[in-house]
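Summary of the model geometry
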Amino acid sequence: MARSSTKLTVAFVNKIPHPTKGQTYYWDSELRGFGLRVGATKKTYIAQRAIRGRTVRYTIGNHPTFTAETARDEAKDRLRDMAKGVNLNAKKRQDKLRGMTLAQYYADYKAVKELRRNTIKDYDNLIYKTHLKSWANTPLNEITSLMVRKKYVELRETSLASANHAMQLLKAVINFAIIDNPNILVNPVRTLSQQDLWKSVPKRSTWLDEAKLPYWYAALQKLESEVVKDVLTFILYSGLRKNEALGLRWENVDIPNKLFCVPETKNKVPLWLPLNTDLLNLVKKRKKKARKSPWVFPGDDPAKHLVEPRRGIEAIHKMMKAQMAKNKKTEDAARTLHQFGLHDLRRTFITYAERLDMSSYALKRLVNHKFDTTDVTARYIGTDVERLRKPMQAVADEIKKHLFKKSR
């Protein structure tokens, strides 16, 4: 609702009542385009002018922070800009976008994307605590190609895999920002491809073969931590990924029906699997020691699950190396023995599974690999969890054949 124009003064503005609903506009009689918008709680000075046939209304500020006179002076400057064709609202939006930081854009990216909890935890760590922390409060449009190159080379000296991971996240956030931010013309991470700076991390193919598996198992039995011993055994006999095993909850373990479920997997498809004899005995034992924890493999704090057991892994490696060095048939292998990771146990499970006479569809279900989208047959095969029980047990039995066969 608009009122007839009159000179806007402090005294006049103070007397104007607030409407119970809607807004009322008062226009200054001396400066065309200068006005006051009055709502239920605020009185706001504005400048208004047509630009290229469209009405643009610019907010100057609220009364009494701005008085009528200071607002009129500000309006003169803003109306002069608008007379030159400058859309002040568009300029304000661009200025706001220009100042938005990496952390702010990452927060928007995270809110829009459907990310798993572990992925969010991983990305938060990169942005707020580690690799990209020094850029978190930097306006995104100020991150240059030169900065990216220097940062990548610096991170690469510590860990190539971590450097690639950080830059891939940065690239994704900037691509997300470019859609709305006209101040970012090119993603600076592109320079790594353009200048051939990306270095691929060699894919590990290590696993515990027949020569190493007995030494690994013997060292495992000597660990003091029962929970670490149990989670490593669980991964060996199930082939789960690290986060799938460490994050296993009791609510997803069905002991009576000898089943367990991983609700959040890498390919976002819930995974139901049978508990083979070894896994069933393990979870029954753990249930007795659950300490009211929701986690099958709790950490020191029962409210949290175990994180990657690095000390346990290092201890096993040390014991394996010492024992293998004592055997003439394995002493050479002991010198170059790699320190296994949790994914080595998954590769071990898959390797022994591939030796068995089972269908490729059953194997893919056991390890939760996606089917080839070009394989028409796979689309029609419904693999019931009970059909996986025999293959699951067979893999465990095959692994156990080699646990006690140390080279003589």
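Description of the structure in this document.

Concerning the packing of helix H15 (residues 342-354) against helix H16 (residues 360-367)
Orientation of H15 relative to H16, taken along the N-to-C sense of each, is 165°, at an axis distance of 11 Å. Between H15 and H16, the crossing angle belongs to the class labelled roughly antiparallel. Relative to H16, the crossing made by H15 is right-handed. Side by side, H15 and H16 meet where Arg346, Phe349, Ile350, Ala353 and Glu354 of the first sit next to Leu363, Leu366 and Val367 of the second.

Describing the environment of arginine 78
With respect to the secondary-structure elements, arginine 78 resides in helix H2 (residues 68-83). Sequence-wise, arginine 78 and leucine 88 are 10 residues apart; in three dimensions their C-alpha atoms are separated by 7.8 Å. The residues contacting arginine 78, other than those within four sequence positions of it, are Ala47, Tyr58 and Leu88.

A look at the packing of aromatic side chains
Inspection of every chain in the model, using the stated rule, returns 10 aromatic pairs. When the ring of phenylalanine 12 is compared with that of tyrosine 26, the centres are 6.0 Å apart and the planes differ by 80°; the resulting orientation is edge-to-face. Of this pair, phenylalanine 12 sits in helix H1 (residues 10-15) while tyrosine 26 sits in strand S2 (residues 24-27), and the two are 14 residues apart along the sequence. By way of ring pairs, the aromatic residues Phe234, Phe260 and Phe297 are connected into one cluster. Directly above the ring of tryptophan 295 sits arginine 249, whose terminal nitrogen or CZ lies 4.0 Å from the centroid. Over the ring of tryptophan 250 we find lysine 287; its NZ or CZ atom is 4.5 Å from the centre of that ring.

Comments concerning the nonpolar core
Formed by 59 residues in total, the largest nonpolar core has its most connected members in Trp216, Leu232 and Phe260. Tallying contributions element by element places helix H10 (residues 226-238) first for this core, with eight residues. Residues contacting leucine 232, with those up to four places away along its chain left out, are Trp216, Leu220, Leu223, Pro309, Ile316, Leu342 and Leu345. The next biggest cluster of nonpolar side chains, apart from the first, holds 26 residues, and it includes Leu126, Ala163, Ile174 and Ala177.

A short note on the pattern of salt bridges
As enumerated under the stated definition, the model contains 23 salt bridges in all. Close ionic contact of aspartate 81 with arginine 78 constitutes a salt bridge, the shortest N to O distance being 3.1 Å. With aspartate 81 and arginine 78 both in helix H2 and three residues apart, the pair spans about one turn of that helix. Two residues, aspartate 209 and lysine 212, come together in a salt bridge whose shortest N-O distance is 3.3 Å. Ionic contacts of the salt-bridge type, sharing partners, join the residues Glu226, Lys229, Asp230, Lys285 and Arg286 into one network.

What about the side chain of lysine 43?
Tracing the backbone through its elements, the reader meets lysine 43 in strand S4 (residues 43-51). Among buried Asp, Glu, Lys and Arg side chains, lysine 43 stands out as unpaired, with aspartate 28 the closest opposite charge at 15 Å. Polar side-chain contacts of lysine 43 include one of 2.8 Å to the backbone oxygen of valine 13. Setting aside chain neighbours within four positions, we find lysine 43 in contact with Val13, Asn14, Ile16, His18, Leu36, Arg37, Val38, Gly61, Asn62 and His63.

Re the packing of helix H6 (residues 145-158) against helix H7 (residues 160-178)
Two numbers describe how H6 lies on H7: the axes approach to 6 Å, and their chain directions differ by 150°. One way to sum up the angle between H6 and H7 is to call them roughly antiparallel. Between H6 and H7, the contacting residues are Val148, Lys151, Tyr152, Leu155, Arg156 and Thr158 on the first element and Leu160, Ala163, Asn164, Ala166, Met167 and Leu170 on the second. Residues of the contact of H6 with H7, tallied by class, amount to eight nonpolar, two polar and two charged.

A look at H6
In this model, H6 (14 residues) spans 21 Å end to end at C-alpha, consistent with the 20 Å of a helix rising 1.5 Å per residue. For H6, every residue scored as buried is listed here: Val148, Lys151, Tyr152 and Leu155. Looking down the long axis of H6, one finds its buried residues gathered within 100° of arc, a one-sided arrangement. Within H6, the exposed residues directed more than 90 degrees away from the buried face are Lys150 and Glu157. On its buried face, H6 sits against H7 and helix H8 (190-194).

Basis of the calculations
Residues numbered from 1 in each chain as written. Predicted model: local features only at pLDDT ≥ 70, side-chain atom pairs only at ≥ 80, totals over all residues. Heavy atoms only, no water. Axes fitted to C-alpha atoms, helices over the stretch in contact; angles between N-to-C directions. Helix = DSSP H or I, 4+ residues; strand = E, 2+ residues; numbered from the N terminus. Parallel < 35°, antiparallel > 145°, perpendicular 65-115°, else oblique. Left-handed = near helix turned anticlockwise from the far one by under 90°. Contact = heavy atoms within 4.5 Å. Phe/Tyr/Trp six-rings, centres within 6.5 Å; stacked < 30°, edge-to-face > 60°. Lys NZ or Arg CZ within 6 Å of the ring centre and 35° of its normal. Core = buried A, V, L, I, M, F, W, Y, C linked by side-chain atoms within 4.5 Å. Buried < 20%, exposed > 50% of the residue type's maximum accessible area, 1.4 Å probe, protein only. Salt bridge = Lys/Arg side-chain N within 4 Å of Asp/Glu carboxyl O. Lys, Arg positive; Asp, Glu negative; His and termini not counted. Polar contact = N/O pair within 3.5 Å; in protein donor to acceptor, adjacent residues only side chain to side chain. Nonpolar A, V, L, I, M, F, W, Y, C, P; charged D, E, K, R; others polar. Expected span 1.5 Å × (residues − 1). Arc of directions from axis to C-beta.

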